[in-house]
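Below are the chains, spelled out letter by letter.
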Amino acid sequence: MKEQLESLNSVTINFGESGMMIVNIILAFVMFGVALGIKLDTFREIIRSPKSVVVGMMLQWFALPAVTFATALLLSPFITPMIALGMILVASCPGGNISNFISSLSRGNIELSVSITAITTAMSPIITPINFFFWGSLYNHCITIHNDIPMLVIPFLPMLEQILLLLGLPIAAGIIFAKYFPSLTKKISKPARSISVLLFMCMIVASVAQNFQVILDNIIYVFFIVLLHNAAALGTGYFGAKFAGLPRNDVKSLTIEVGIQNSGLGLILLFNPAIFPPEVWHGHYGGMIFIAAWWGIWHMVSGLGIAYHFRRDSAL
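Residues numbered from 1 in each chain as written. Predicted model: local features only at pLDDT ≥ 70, side-chain atom pairs only at ≥ 80, totals over all residues. Heavy atoms only, no water.

(A) Structural view of the overall build of the protein. Regarding its fold elements, the protein presents 13 helices and 0 strands. Helices and strands appear in the protein in the N-to-C order α-α-α-α-α-α-α-α-α-α-α-α-α. Burial statistics for the protein: of 316 residues in total, 53% are counted as buried. Long-range pairs, those at least 24 residues apart, make up 85% of the contacts in the protein between residues at least 6 apart in sequence. (Helix = DSSP H or I, 4+ residues; strand = E, 2+ residues; numbered from the N terminus. Buried < 20%, exposed > 50% of the residue type's maximum accessible area, 1.4 Å probe, protein only. Contact = heavy atoms within 4.5 Å.)

Put into structure tokens, the structure is as follows:
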């Protein structure tokens, strides 16, 4: 299995200079659209009713990356370092907007779901690079102790600078726009979300179309890796919320919130050579790309499945 997955590392995506400009514009548009749903009042609600929101943030920012790190270590005899780093990158991303829709289908706490998504998205320019750097570097350190592979140094400051620029500015612009133009925001929020989903799907297709045969050769392995990782994420949200003694509807929402990641964001970050320089990564991070791409598909399937279960199981 590990030898088979090595073939993914040779996959590279090169959009060229003009293509990368388009990718960055898409990313800016997507993050601006996401930020339109972030209201400043959301942050004030944390002070009034903090427990569930704080538990959700801790599960998203600390528990999920830690569980992912442990899962990657357990799977290290079977997966490549790039597959493991792809898992860690996905876990470092904020919750996906689709989590709010799935939470509503589950009859969970919609306000809690929206709050967690808003906060983790707003903080993603800082939290995502910090988590990826910390857990990714720790994973590389651990596996180099037991394996004869070169130590991969993850460049933190250049990554932080680029992500702050590419994510921070559109998010800040979206929040400010929503505050001062609420009527217009209501009109464009839904179309912006729909276009964002469409753009993300196009990015996934673009990332795999040139390497379709490689995907077919490895799809079964990637499928089971993402299946296991996503199950661990859902379990982290469920058992973490239950352990904290949260209400039933809050448990539903946090299960979904932690299990639904904005992997499309991770995918677009991987396309940017300023964030993942080919000379640093030796141009071989195809495994990360395919993990993020398949997550973007699978978490919608698992999310709808868990929503169906939650609707039927009134006892939780």
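(B) Geometry of the side chain of T121. Within the element layout of this structure, T121 appears in helix 7 (residues 110-146). Overall, T121 belongs to the buried group, its relative accessible area being 1%. A distance of 2.7 Å separates the side chain of T121 from the backbone oxygen of T117, its partner in a polar contact. Not counting residues within four places of it along the chain, the set of residues in contact with T121 comprises M31, V34, I38, P94, G95 and I171. (Polar contact = N/O pair within 3.5 Å; in protein donor to acceptor, adjacent residues only side chain to side chain.)

(C) View of helix 6 (residues 98-105). Looking only at helix 6, the buried set comprises S99, N100, I102 and S103. End-on, the buried residues of helix 6 take up no more than an arc of 165°, which puts them together on one face. Positioned one or two residues after helix 6, R107 has a phi angle of 60°, which is positive. (Arc of directions from axis to C-beta.)

(D) A look at the packing of helix 12 (residues 263-271) against helix 13 (residues 286-312). Running from N to C, helix 12 and helix 13 point in directions that differ by 155°, and their axes come no closer than 8 Å. In terms of orientation, helix 12 and helix 13 fall into the roughly antiparallel class. Viewed along their axes, helix 12 and helix 13 form a crossing whose handedness is left-handed. Contact with helix 12, carried on its side by S263, L267 and L270, involves M288, I289, A292, A293, W295, G296 and H299 of helix 13 and no other residues of that element. Each residue belonging to the contact of helix 12 with helix 13 can be placed in one class, and the counts come to 7 nonpolar, 3 polar and no charged. (Axes fitted to C-alpha atoms, helices over the stretch in contact; angles between N-to-C directions. Parallel < 35°, antiparallel > 145°, perpendicular 65-115°, else oblique. Left-handed = near helix turned anticlockwise from the far one by under 90°. Nonpolar A, V, L, I, M, F, W, Y, C, P; charged D, E, K, R; others polar.)

(E) Representation of the packing of aromatic side chains in the model. Applying the stated rule across the entire model yields 8 aromatic pairs. Summarising the aromatic geometry, the rings of F134 and W135 are spaced 4.9 Å apart at their centres and angled 85° between planes, so their arrangement reads as edge-to-face. Residue F134 is classed as partly exposed on the basis of its relative accessible area, which comes to 45%. Each residue in the set F223, F224, W294 and W298 is aromatic and connected to the rest through ring pairs, giving one cluster. (Phe/Tyr/Trp six-rings, centres within 6.5 Å; stacked < 30°, edge-to-face > 60°.)

(F) Molecular detail of empty space enclosed by the protein. Applying the stated criterion to the full structure yields 1 cavity of 30 Å³ or more. When its volume is computed, the largest cavity comes out at roughly 50 Å³. Every residue lining the largest cavity is listed: Q60, W61, A91, S92, C93, P94, T120, S124, I127, T128 and N131. If you list the elements that add at least two residues to the lining of the largest cavity, you get helix 4 (50-75), helix 5 (81-92) and helix 7. Per-element accounting of the lining of the largest cavity gives the leading share, 5 residues, to helix 7. Per-class residue counts for the lining of the largest cavity are 5 nonpolar, 6 polar and no charged. (1 Å grid on protein atoms, 1.4 Å probe; cavity = no way out; pocket = protein on both sides within 12 Å on 5 of 7 lines; lining within 4 Å. Points joined across faces, edges and corners; volume = space filled by probe spheres on them.)

(G) Spatial organisation of helix 5. When the terminal C-alpha atoms of helix 5 are compared, their 16 Å separation across 12 residues agrees well with the 16 Å that a helix rising 1.5 Å per residue should span. Among the 12 residues that make up helix 5, 11 are buried, leaving the element largely enclosed by the rest of the structure. All of the buried residues in helix 5 are M82, I83, A84, L85, G86, M87, I88, L89, V90, A91 and S92. (Expected span 1.5 Å × (residues − 1).)

(H) Quick look at unusual backbone geometry. A positive phi angle is found at R107, which is not glycine, with a value near 60°. Along the chain, R107 falls in the loop between helix 6 and helix 7.

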